[in-house]
Amino acid sequence: MRILLSPDAAGAAEVAAAVVAASVADLAFPVLGVATGSSPQPFYRALTARVAAGLDLSRAAAFALDEYVGLPVDHPESYHSVIAREVTGPLGLDPSRVHVPEGAAADPTEAAARYEAAISGAGGVDLQILGIGANGHIGFNEPGSAPDSRTRVVELAPRTVADNSRFFDGDAGLVPTHALTQGIGTILDAREIVLIAWGESKAEAVARAVEGPQTTGLPASFLQRHGRVTLVLDAAAASRLSPASLPAEAAR
Ligand code: GLP
């Protein structure tokens, strides 16, 4: 896995935005995979600045990683709302080309199959943006998720419910217990992956993802199977990586 380092989250966001801008530059109709959570927020702001400076994403399609099950689409913390607010609008994407799993569908399992078909129908994801949970989850693929898993309904880990309660007035009882998420296999089908992590709370998960064994206990470790993954980290998130994993200029 390629690792790019920056001193802080804002710097990492700029680096990630540069990587993504370069990757989509040659694509007439880029298909982006987009993540929610706090990790990509500075990145979206950095990419928005590039859009203001001329980067055209109006022909891009986007597929969100996941969505809560049982939360109304118009709830401010539904990922439909978050993606519209933080991604579609600021980046100037065409809303009709932005897709989020239908967590509010009467039959979420059927909605999962439809989502897989929609990704395939768009030609697959060119570039997937990822965050990482403190427990090593990617999307909502919690520990125990299989590397060949596809889009499906999952139960959130207690740690994730606690972590995400900050988006629900600090009340874990308001956080949905289930979600619809792209599987690890779905994520690994993307042609390129850029994972953004910053802050000390991600340091252990990052170190295990890069250096640990591939294990269902740490879902992000399966990213080691992908040939084109870039981790963009700030110093705190990189703090538990061994020097051998770091870019040469940082290890000196
Ligand atoms: C959330 C999302 C993930 C995200 C992760 C980390 O629950 N489902 O896609 O990467 O958890 O969130 P954050 O970036 O806020 O730490």
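Residues numbered from 1 in each chain as written. Predicted model: local features only at pLDDT ≥ 70, side-chain atom pairs only at ≥ 80, totals over all residues. Heavy atoms only, no water.

A. Geometry of the packing of helix α2 (residues 41-52) against helix α3 (residues 79-91). At a minimum axis separation of 9 Å, α2 and α3 run at an interaxial angle of 15°. Relative to α3, the element α2 lies roughly parallel. Between α2 and α3 lies a crossing of left-handed hand. Residues Gln41, Tyr44, Leu47, Thr48 and Val51 of α2 lie in contact with α3, whose contacting residues are Glu86, Val87, Pro90 and Leu91. A per-class count over the contact of α2 with α3 returns 6 nonpolar, 2 polar and 1 charged. (Axes fitted to C-alpha atoms, helices over the stretch in contact; angles between N-to-C directions. Helix = DSSP H or I, 4+ residues; strand = E, 2+ residues; numbered from the N terminus. Parallel < 35°, antiparallel > 145°, perpendicular 65-115°, else oblique. Left-handed = near helix turned anticlockwise from the far one by under 90°. Contact = heavy atoms within 4.5 Å. Nonpolar A, V, L, I, M, F, W, Y, C, P; charged D, E, K, R; others polar.)

B. Spotlight on the packing of helix α1 (residues 9-24) against α2. Where α1 meets α2, the closest approach of the two axes is 8 Å, and the angle between their N-to-C directions is 55°. When the axis of α1 is compared with that of α2, the two are oblique. Relative to α2, α1 is oriented so that their crossing is right-handed. Here α1 contributes Ala9, Ala13, Glu14, Ala16, Ala17, Ala18, Val20 and Ala21 to the contact with α2, which in turn contributes Pro42, Phe43, Ala46, Leu47 and Arg50. Taken together, the residues of the contact of α1 with α2 break down into 11 nonpolar, no polar and 2 charged.

C. Focus on the site of the ligand. In the vicinity of the ligand lie 15 residues, with Ser38, Ser39, Asp66, Arg166 and Lys202 positioned nearest. Contact distances for the ligand include 2.8 Å between a nitrogen atom and a side-chain N or O atom of Asp66. Protein coverage of the free-state accessible area of the ligand, which is 390 Å², stands at 94%. Most atoms of the ligand, that is more than half of them, are within 2 Å of grid points of the largest pocket. (Near = heavy atom within 4 Å. Polar contact = N/O pair within 3.5 Å; in protein donor to acceptor, adjacent residues only side chain to side chain. Areas by Shrake-Rupley, 256 points an atom, 1.4 Å probe, with all protein chains shown as cover. 1 Å grid on protein atoms, 1.4 Å probe; cavity = no way out; pocket = protein on both sides within 12 Å on 5 of 7 lines; lining within 4 Å. Sits in = over half its atoms within 2 Å of the grid points.)

D. The arrangement of the layout of surface pockets in detail. Approximately 410 Å³ is the volume attributed to the largest pocket. In terms of lining residues, the largest pocket is bounded by 26 residues, among which Gly37, Ile132, Gly133, His137 and Lys202 are the most central. The greatest single-element share of the lining of the largest pocket, amounting to 3 residues, is contributed by helix α5 (residues 158-164). Of the residues that constitute the lining of the largest pocket, the class distribution is 11 nonpolar, 11 polar and 4 charged. (Points joined across faces, edges and corners; volume = space filled by probe spheres on them.)

E. Region of the structure containing the pairing of strand β8 (residues 178-181). Here strand β4 (residues 66-68) pairs with β8 via 3 bridges, running antiparallel. Within the sheet, the bridge partner assigned to Glu67 lies in β8 and is Leu180. Where strand β7 (residues 152-155) and β8 come together, 4 bridges link them in antiparallel fashion. Counted as the bridge partner of Arg152 is Thr181 from β8. (Pairing = 2+ DSSP bridges.)

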